Amino acid sequence: MIPGARLIVLGKQGAGKGTQCVRLSHHYVIPHISTGDMLRAAVKQQTELGREAKRYMDAGELVPDGLLLSMLEGRLAQDDTRGRGFVLDGFPRTTVQAEALDALLAPRGLDLVIDLEVPTSLVLERLAGRRVCVDCGTNYSVAAPPKVDWICDVCGGEVVQRPDDTEAAIQRRLDLYEKETAPLVSWYEGSNRLVRVEGTGTPDEVTDRIVRVVDESRRTKVVEHP
Ligand code: ADP
Ligand code: ZN
């Protein structure tokens, strides 16, 4: 049986985190934990958290750390992540979140943080064409739409442009990424947990690159799994 893994994928908006995390989740048989998807589900269900988070999300602002941390703490306490691990998508996004995550995961910690590198010109192009299923969150694009009429191939849901994929909100998220999240790359590098992976090319090419570095890091380091 393939061992589990505890992975984080970093990368700016449109770098392909969501797409790659779904693939890594299948490959390593680990849950894909996307804070963006969890927040969008809370917004849709109109929970208290969802109502609070929505105004930040629509403006492209970060949702306050306290809300994120309690949401994630609950998720990481569930059996699937305790047993197999996880691939985290969209978290951590600030140094405060990264430190809190280390505390939550102690003593076992993380296996690897993957920084998916894509030039800004390319992510702007990808985000303008991005479309997403309102029900299951599967990503599509104008260039690669669902088979039938903007109906999700996976679940039959409606495929639309995200409310925060406006030009102003995208710009704000990219600015915040540079300011708040990019410093995490050197933060994780400093503790020897980071690998950089080129995020250009087809999704399959990128997945192959990531799987190669994850497997390589497993070979060179003794990683304990339950
Ligand atoms: P993107 O990567 O395009 O910004 P996500 O789906 O990851 O999209 O996140 C959508 C929104 O959810 C963010 O703009 C932010 O408002 C909120 N969000 C997601 N993850 C976090 C986080 N770790 N900390 C704060 N806010 C978050
Ligand atoms: Zn769907």
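In this convention, every chain numbers its residues from 1, walking through the sequence in written order. As they are written, the chains are lettered A onward and the ligands numbered 1 onward, keeping that order. Confidence filtering applies because this is a predicted model: local features only for residues at pLDDT of at least 70, side-chain atom pairs given and counted only at 80 or more, and all residues used for totals across whole chains, interfaces and linings. Values shown for side chains rest on all heavy atoms present in the structure; no hydrogens or waters enter the calculation.

Trainee: How do you make sense of helix 3 (residues 48-59) when you look at a structure like this?
Mentor: An α-helical turn contains 3.6 residues, so any two residues separated by three or four positions project in the same direction. Buried residues of helix 3: Gly-50, Ala-53 and Met-57, and no others. Each buried residue of helix 3 lies within a common arc of 75° when the element is viewed along its axis, so the set occupies one face. Opposite the packed face of helix 3, turned more than 90 degrees from it, sit the exposed residues Glu-48, Arg-51 and Arg-55. Only protein chains enter the accessibility calculation, which uses a 1.4 Å probe. A residue is then buried if its area is under 20% of the maximum for its type, exposed if over 50%, and partly exposed in between. Secondary structure elements are taken from DSSP: a helix is a run of H or I of four residues or more, a strand is a run of E of two residues or more, and numbering for both begins at the N terminus. Throughout, the arc means that of the directions going from the helix axis to the C-beta atoms.

Trainee: Hey, could you run me through helix 7 (residues 120-129) in this one?
Mentor: Within the span of helix 7, buried status applies to Val-123, Leu-127 and Gly-129. Considered in projection along helix 7, the buried side chains sweep an arc of 165° and stay on one side of the axis. The exposed residues of helix 7 that point more than 90 degrees off its buried face are Ser-121 and Glu-125. Contacts are assigned to residue pairs with any non-hydrogen atoms lying within 4.5 Å of each other. Where the residues of helix 7 are buried, they touch strand 5 (130-133), strand 6 (139-141) and helix 8 (167-181).

Trainee: Quick question: what am I supposed to make of the side chain of Ser-34 here?
Mentor: As for its placement among the helices and strands, Ser-34 is situated in strand 2 (residues 32-34). For Ser-34, a relative accessible area of 6% puts it in the buried group.

Trainee: Could you clarify how one ought to interpret the nonpolar core in this entry?
Mentor: Nonpolar side chains tend to gather and get buried jointly when the protein is soluble and globular. Formed by 25 residues in total, the largest nonpolar core has its most connected members in Ile-8, Leu-10, Leu-88, Leu-101 and Tyr-188. Considering each element in turn, this core owes the most residues, 5 residues, to helix 4 (residues 65-76). Other than its neighbours up to four places away in sequence, Ile-8 contacts Leu-88, Phe-91, Pro-92, Leu-101, Leu-110, Leu-112, Val-113, Ile-114 and Tyr-188. Put simply, a nonpolar core is a bunch of buried Ala, Val, Leu, Ile, Met, Phe, Trp, Tyr and Cys residues held in one set by side-chain atoms that sit within 4.5 Å of each other. Counting residues in each nonpolar core, the second largest holds 23 residues, with Ala-5, Cys-21, Val-195 and Val-211 among its members.

Trainee: What is the right way to read the site of ligand 1 from this model?
Mentor: By nearness alone, 19 residues border ligand 1, and Thr-35, Glu-61, Gly-90, Arg-93 and Arg-173 come closest of all. Burial of ligand 1 by the protein chains amounts to 97% of its free accessible area of 540 Å². Ranked by residues supplied to the shell around ligand 1, first place goes to helix 2 (residues 35-44) with 4 residues. A per-class count over the shell around ligand 1 returns 6 nonpolar, 5 polar and 8 charged. A single heavy atom is enough: if one lies within 4 Å of a molecule or strand, its residue is considered near that molecule or strand. The Shrake-Rupley method, run with a 1.4 Å probe, gives the accessible areas here. Residue values count only the displayed protein chains as cover. Think of it as three bins: nonpolar holds Ala, Val, Leu, Ile, Met, Phe, Trp, Tyr, Cys and Pro, charged holds Asp, Glu, Lys and Arg, and polar takes everything else, Gly as well.

Trainee: Looking at this model, I keep getting lost on the pattern of salt bridges. Mind explaining?
Mentor: Side chains carrying opposite charge are able to pair once their charged atoms draw close together. Salt bridge, as used here: a side-chain nitrogen of Lys or Arg that lies within 4 Å of a carboxyl oxygen of Asp or Glu. Scanning the entire structure with this criterion turns up 19 salt bridges. Among the ionic pairs, Arg-173 bridges to Asp-165, the shortest N-O distance being 3.1 Å. Note that Asp-215 is salt-bridged to Arg-218, the shortest N-O span being 3.7 Å. Here Asp-215 pairs with Arg-218, and both are found in helix 10 (residues 203-220), just 3 residues apart, close to one helical turn.

Trainee: What is the right way to read the layout of surface pockets from this model?
Mentor: To find leftover empty space, a probe the size of one water molecule is rolled over the atoms. A volume near 480 Å³ is recorded for the second largest pocket. Think of a 1 Å grid over the protein atoms and nothing else: a 1.4 Å probe that fits but is trapped marks a cavity, an open set flanked by protein within 12 Å on at least five of seven lines marks a pocket, and residues with an atom within 4 Å of a point count as lining. If you trace the second largest pocket, you find 19 residues lining it, with Arg-40, Ala-41, Val-43, Lys-44 and Val-134 closest to the centre. At the level of elements, helix 2, helix 3 and strand 5 are the ones that each hand at least two residues to the lining of the second largest pocket. Per element, the largest residue contribution to the lining of the second largest pocket is 5 residues, and it comes from helix 2. The residue makeup of the lining of the second largest pocket, split by class, is 9 nonpolar, 2 polar and 8 charged. Grid points are joined across faces, edges and corners, and a volume is the space filled by probe spheres set on the points.

Trainee: So what exactly am I meant to see when it comes to the sheet that holds strand 5 here?
Mentor: Backbone hydrogen bonds are what pair the strands of a sheet, in a parallel or an antiparallel way. Read across the sheet, 3 strands follow the order 6-5-7 without closing on themselves; strand pairing throughout is antiparallel. Strands at the two margins of the open sheet, each flanked by one partner only, are strand 6 and strand 7 (159-160). Pairing between strands is defined by DSSP: at least two bridges between the two strands are required. Where strand 5 meets strand 7, 2 bridges bridge the pair, whose relative direction is antiparallel. In the sheet register, Val-132 faces strand 7, and the bridge partner there is Val-160.

Trainee: Even after reading the chapter, I still don't get the packing of helix 8 against helix 9 (residues 183-190), so can you show me in this structure?
Mentor: Two measures define how a pair of helices packs: the angle their axes make with one another and the distance between the axes. Axis separation between helix 8 and helix 9 bottoms out at 5 Å; the angle between their running directions is 30°. In terms of orientation, helix 8 lies roughly parallel with respect to helix 9. When helix 8 is examined against helix 9, the residues Tyr-177, Glu-178, Lys-179, Glu-180 and Thr-181 are found in contact with a partner set consisting of Pro-183, Leu-184 and Val-185. Its residues assigned to classes, the contact of helix 8 with helix 9 shows 4 nonpolar, 1 polar and 3 charged. Angles here are taken between N-to-C directions and fall from 0 to 180 degrees, while the axes themselves are lines fitted to C-alpha atoms, restricted in helices to the stretch in contact. Orientation labels follow simple angle bins: below 35 degrees gives roughly parallel, above 145 gives roughly antiparallel, 65 to 115 gives roughly perpendicular, and whatever is left gives oblique.

Keep in mind these values describe shape, not function.
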